[in-house]
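Structural overview for review
Each chain is listed here by its residues.
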Amino acid sequence: MDFNEYMAFVRKCKEEPVKELNESDFDDIEKTVGAELPVDFKSFYLKSNGEVESEYYSFSPIKYGFSIEKHIYVYAEQGISFGKKLPFATDIHGHTYLLSLENDSYGQVLFLQHEYEDEQDYDFVANSFTDFLNEFVSKEKTFLI
């Protein structure tokens, strides 16, 4: 997928209205990544489906619009797989925040600079999604600032 195709795909996805979620809406994404999502992550998404008013962050919805599943698809088209890591948000610089669902780092939030997506050189951000919301999102600071 070249850049123009990517932008057309994103525009089309963003035209789709974002809807509220219910518990069963998490089933598909959990099957896709092969792991159950942490309770704090699900609770947040049940309230907002990723819609957050922030100058610094753009959260992806679980379903609808330019969703997490569609982000995973776009990365896969570029030959990038995050395994059991869920790309759920980007910051104002286009860097990706991922939720780890790996056994040894389950629930941790990781950071990936877009310049290093191919190398998948992750930085640790927070022990949990709740810590990430409290320490970064609510204070409107990004990992690099």
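Please read these numbers as outputs of a predicted model, since none were measured by experiment. (Residues numbered from 1 in each chain as written. Predicted model: local features only at pLDDT ≥ 70, side-chain atom pairs only at ≥ 80, totals over all residues. Heavy atoms only, no water.)

Bringing helix H3 (residues 39-48) into the picture now. Buried within H3 we find Phe41, Lys42, Phe44, Tyr45 and Ser48. Looking straight down H3, one finds its buried side chains confined to an arc of 160 degrees; they lie on one side. Facing away from the buried surface of H3 by more than 90 degrees, the exposed residues are Val39 and Lys47. If you follow the buried residues of H3, they end up packed against helix H2 (26-33), strand S1 (57-59), helix H4 (68-77), strand S2 (85-91), strand S3 (96-100) and helix H5 (129-137). In the segment just after H3, Asn49 is the residue with positive phi, at about 50 degrees. (Buried < 20%, exposed > 50% of the residue type's maximum accessible area, 1.4 Å probe, protein only. Helix = DSSP H or I, 4+ residues; strand = E, 2+ residues; numbered from the N terminus. Arc of directions from axis to C-beta. Contact = heavy atoms within 4.5 Å.)

Another point: the sheet that holds S2. Spatial ordering of the open sheet is given by S1-S2-S3-S4-S5, a layout of 5 strands whose pairing is antiparallel. Unpaired on one side and paired on the other, S1 and strand S5 (123-126) mark the two borders of the sheet. In this sheet, neighbouring strand axes are inclined to one another by 35 degrees on average, regardless of whether the strands run parallel or antiparallel. In this structure, S2 lies alongside S3, joined through 5 bridges in antiparallel fashion. Bridge assignment links Ala89 to a residue of S3, and that residue is Tyr97. (Pairing = 2+ DSSP bridges. Axes fitted to C-alpha atoms, helices over the stretch in contact; angles between N-to-C directions.)

Before going further, it helps to examine the packing of aromatic side chains. Aromatic ring pairs are described here by two measures, namely the spacing of the ring centres and the angle between the planes. Evaluated as defined, the whole model comprises 20 aromatic pairs. Where Phe41 meets Tyr45, the ring centres are 4.6 Å apart and the plane angle is 35 degrees; that geometry is what we call tilted. Of this pair, Phe41 and Tyr45 both sit in helix H3, 4 residues apart, which is roughly one turn of that helix. On the basis of relative accessible area, Phe41 is assigned to the buried category, the value being 0%. What makes Tyr45 buried here is its relative accessible area of 0%. Both rings, one in Phe41 and one in Phe129, keep their centres 4.9 Å apart while their planes meet at 75 degrees; by these two values the pair is edge-to-face. Highlighted residues: Phe41 in helix H3 and Phe129 in helix H5, separated in sequence by 88 residues. Here a set of aromatic residues connected by ring pairs shows up, and it is made of Phe41, Phe44, Tyr45, Tyr57, Phe59, Phe88, Tyr97, Phe111, Phe129, Phe132, Phe136 and Phe143. (Phe/Tyr/Trp six-rings, centres within 6.5 Å; stacked < 30°, edge-to-face > 60°.)

This brings us to the pattern of salt bridges. With the rule as written, the count across this model stands at 5 salt bridges. Close ionic contact of Lys63 with Asp25 constitutes a salt bridge, the shortest N to O distance being 3.7 Å. With Lys63 in the loop between S1 and H4 and Asp25 in the loop between helix H1 (3-15) and H2, this pair connects stretches of sequence that are 38 residues apart. This pair shows no difference in class: Lys63 is buried, exactly as Asp25 is. In this structure, the salt-bridge partner of Glu135 is Lys139, at a minimum N-O distance of 3.3 Å. Exposure remark for Glu135: the relative accessible area of 38% places this residue in the partly exposed category. Here Lys139 falls in the partly exposed class, since its relative accessible area comes to 48%. The structure contains a network of salt bridges with shared partners spanning Asp25, Asp28 and Lys63. (Salt bridge = Lys/Arg side-chain N within 4 Å of Asp/Glu carboxyl O.)

In short, the description is geometric, and any link to function would need to be established separately.
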